[in-house]
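Descriptive analysis of the structure
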Amino acid sequence: MARCFIFAGGSFDGFFDQIKEGDLVIGADKGYTYARENDIDLDYIIGDFDSSTKPLGDNVLILKPIKDYTDTVEAINLARKKGYKKIIIYGGLGGRESHTIANIRALYHFKKKGIDISLKAKGKEIFIIDDKLSYPYEGKDFYVSIFSLTNITRGLTIKGLFYELNSYDLSMDDLITVSNQTKGRDFSISIKEGALVVVFEDFNL
């Protein structure tokens with residue numbers, strides 16, 4: 001499946017994927033500078049550029065400063081219009097905390113529309129589960145934290161992690177699923193109803 005990479009204007013500590021033929025690359029406001037500094041070609045640049053110098057080019061989409069959505073969300077909407085359903089965002093964490101929270105909420109908003117989005121940075125990844133995840137072990141262990149996005153996420157089953165659960169009802173304020181760990185094997189997470197925020201973090205962060 002072709003993917004869309006979005007460079008947002010939060011903290012940026014590197015790019016850890018490989019762009020392939022058919023992938024779309026978008027710079028959202030200041031995020032376009034991160035891509036250019038890493039010699040990454042951009043298909044589109046979008047934003048109001050209140051936090052960076054306005055770029056020039058036919059692929060630049062200028063937004064009004066007074067708008068309903070963040071530049072990152074506008075970049076996601078652009079990717080949707082282009083038919084992309086798998087989106088990876090760099091620079092979506094750190095920086096302004098309000099934007100980090102907005103980006104995490106955006107993951108859920110677009111997940112309900114059939115768009116899978118993850119936020120990536122060095123040693124971490126954040127994404128949404130609304131049914132199940134099967135993760136093949138790739139030779140590296142890490143922390144796995146899980147939070148309910150709905151009042152209650154029902155039927156949470158975790159297999160293959162250090163702490164396992166069987167059909168557990170996880171409430172929004174329940175922290176029992178923070179800082180679980182992989183165990184050198186494949187693992188799976190599934191739910192019957194609701195939605196989860198899942199956070200992967202390296203041990204050395």
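Computed from a prediction, not measured in an experiment: that's the story for all the values here. All chains use their own residue numbering, which begins from 1 and follows the written sequence. The model is predicted, so local features are restricted to residues of pLDDT at least 70 and side-chain atom pairs to those at 80 or more, both for listing and for counting; the totals for chains, interfaces and linings are taken over all residues. As a rule here, side-chain values come from all non-hydrogen atoms in the structure, and water together with hydrogens is ignored.

Only the stretch in contact is used when fitting a helix axis, every axis being a line fitted to C-alpha atoms; angles between N-to-C directions are given from 0 to 180 degrees. Helix and strand labels come from DSSP, where a helix needs a run of H or I of at least four residues and a strand needs a run of E of at least two; each type is numbered from the N terminus. Direction vectors running N to C along helix α2 (residues 71-81) and helix α3 (residues 97-111) enclose 25°, while the axes themselves pass 11 Å from each other. Between α2 and α3, the angle is such that the two are roughly parallel. When you trace α2 past α3, the crossing you get is right-handed. Packed against α2, whose contacting residues are Thr72, Val73, Ile76, Asn77 and Arg80, the element α3 presents Asn103, Ala106 and Phe110 at the interface. Of the residues that constitute the contact of α2 with α3, the class distribution is four nonpolar, three polar and one charged. An angle below 35 degrees is treated as roughly parallel, one above 145 as roughly antiparallel, one from 65 to 115 as roughly perpendicular, and anything else as oblique. Handedness of a crossing is defined here by the sense of rotation of the near helix relative to the far one, left-handed for an anticlockwise turn of less than a right angle and right-handed for a clockwise turn. Two residues form a contact once any of their heavy atoms are found within 4.5 Å. Note on residue classes: Ala, Val, Leu, Ile, Met, Phe, Trp, Tyr, Cys and Pro are nonpolar, Asp, Glu, Lys and Arg are charged, and everything else, Gly too, is polar.

Okay, the side chain of Asp71 next. Examined against the element boundaries, Asp71 turns out to sit in helix α2. The definition of a polar contact used here is a pair of N or O atoms within 3.5 Å, where within protein one atom must be able to donate a hydrogen and the other to accept one, and adjacent residues in sequence count solely through side-chain atom pairs. A distance of 3.3 Å separates a polar atom in the side chain of Asp71 from the backbone nitrogen of Asp48.

Turning next to the pairing of strand β11 (residues 165-171). Two strands pair under a simple rule: DSSP has to find at least two bridges between them. Note that strand β10 (residues 152-159) and β11 share four bridges and pair antiparallel. Residue pairing in the sheet places Ile158 in a bridge with Leu165 of β11. Where β10 folds back on β11, the antiparallel hairpin that results is connected by five residues, among which Gly160 adopts a positive phi of roughly 95°.

As a further point, take the pairing of strand β13 (residues 187-190). Each residue is assigned to one of three classes by its accessible area relative to the maximum for its type, calculated with a 1.4 Å probe on protein chains only: buried under 20%, partly exposed between the two thresholds, exposed over 50%. Judged by which residues are buried, β13 turns out to be one-sided: Phe187 and Ile189 face inward and are buried, whereas Ser188 and Ser190, on the alternate face, are not. In this sheet, β13 lies alongside strand β8 (residues 132-135) in antiparallel orientation, the contact comprising four bridges. Residue pairing for β13: Tyr135 is matched across the bridge by Phe187. Two elements, β10 and β13, share three bridges in a ladder whose sense is antiparallel. Bridging from a neighbouring strand, Lys159 pairs with Ser188 of β13.

On to the nonpolar core, then. Remark: nonpolar core denotes a set of buried residues (Ala, Val, Leu, Ile, Met, Phe, Trp, Tyr, Cys) joined through side-chain atoms within 4.5 Å. Of all hydrophobic cores here, the largest spans 31 residues; its most connected members are Cys4, Ile6, Ile26, Ile87, Ile89 and Ile117. Elements supplying a minimum of two residues to this core: β1 (4-7), β2 (24-28), α2, β5 (86-90), α3, β6 (116-121), β7 (124-129) and β14 (196-201). Looking at this core element by element, the count peaks at five residues for α2. Not counting chain neighbours up to four residues away, the residues in contact with Ile117 comprise Ile76, Ile87, Ile89, Leu107, Phe110, Ile126 and Phe127. Core analysis: the next-biggest nonpolar cluster, separate from the first, contains 17 residues, Phe127, Val144, Ile158 and Val198 among them.

We now examine the packing of aromatic side chains. When two rings of Phe, Tyr or Trp (its six-membered ring) have centres within 6.5 Å they constitute a pair, described as stacked for plane angles under 30 degrees, edge-to-face for angles over 60, and tilted for the intermediate range. Under the criterion given, the structure shown has 17 aromatic pairs. Here Tyr135 and Phe200 contribute two aromatic rings whose centre-to-centre distance is 5.4 Å and whose plane-to-plane angle is 85°, an arrangement assigned as edge-to-face. Here the residue Tyr135 occupies a position in strand β8, and Phe200 occupies one in strand β14, the gap between them amounting to 65 residues. Judged by relative accessible area, Phe200 falls into the buried class, the value being 9%. Centre to centre, the rings of Tyr143 and Phe203 are 4.7 Å apart; their planes meet at 75°, and the pair counts as edge-to-face. Note that Tyr143 is positioned in strand β9 (residues 143-148) and Phe203 in the segment after β14, a separation of 60 residues in sequence. Put simply, the rings of Phe5, Phe7, Phe12, Phe15, Phe16, Tyr34 and Tyr90 pair up and form one aromatic cluster.

Candidates for patches are residues over 30% relative accessible area with no salt bridge; among them, like charges are joined within 9 Å and nonpolar side chains (Val, Leu, Ile, Met, Phe, Trp, Tyr) within 5 Å. Calculation of accessible area relied on Shrake-Rupley with a 1.4 Å probe; when residues are assessed, cover is drawn exclusively from the protein chains displayed. The term salt bridge refers to a pairing of a side-chain nitrogen on Lys or Arg with a carboxyl oxygen on Asp or Glu at a separation within 4 Å. We treat Lys and Arg as the positive residues and Asp and Glu as the negative residues; His and chain ends play no part in the count. Working definition for charges: the position is that of NZ of Lys, CZ of Arg, CG of Asp or CD of Glu. On the surface, Arg80, Arg105, Lys112 and Lys113 cluster together into a patch of positive charge. Looking at where Arg105 falls in the secondary structure, it is placed in helix α3. For Arg105, a relative accessible area of 46% gives the class partly exposed.

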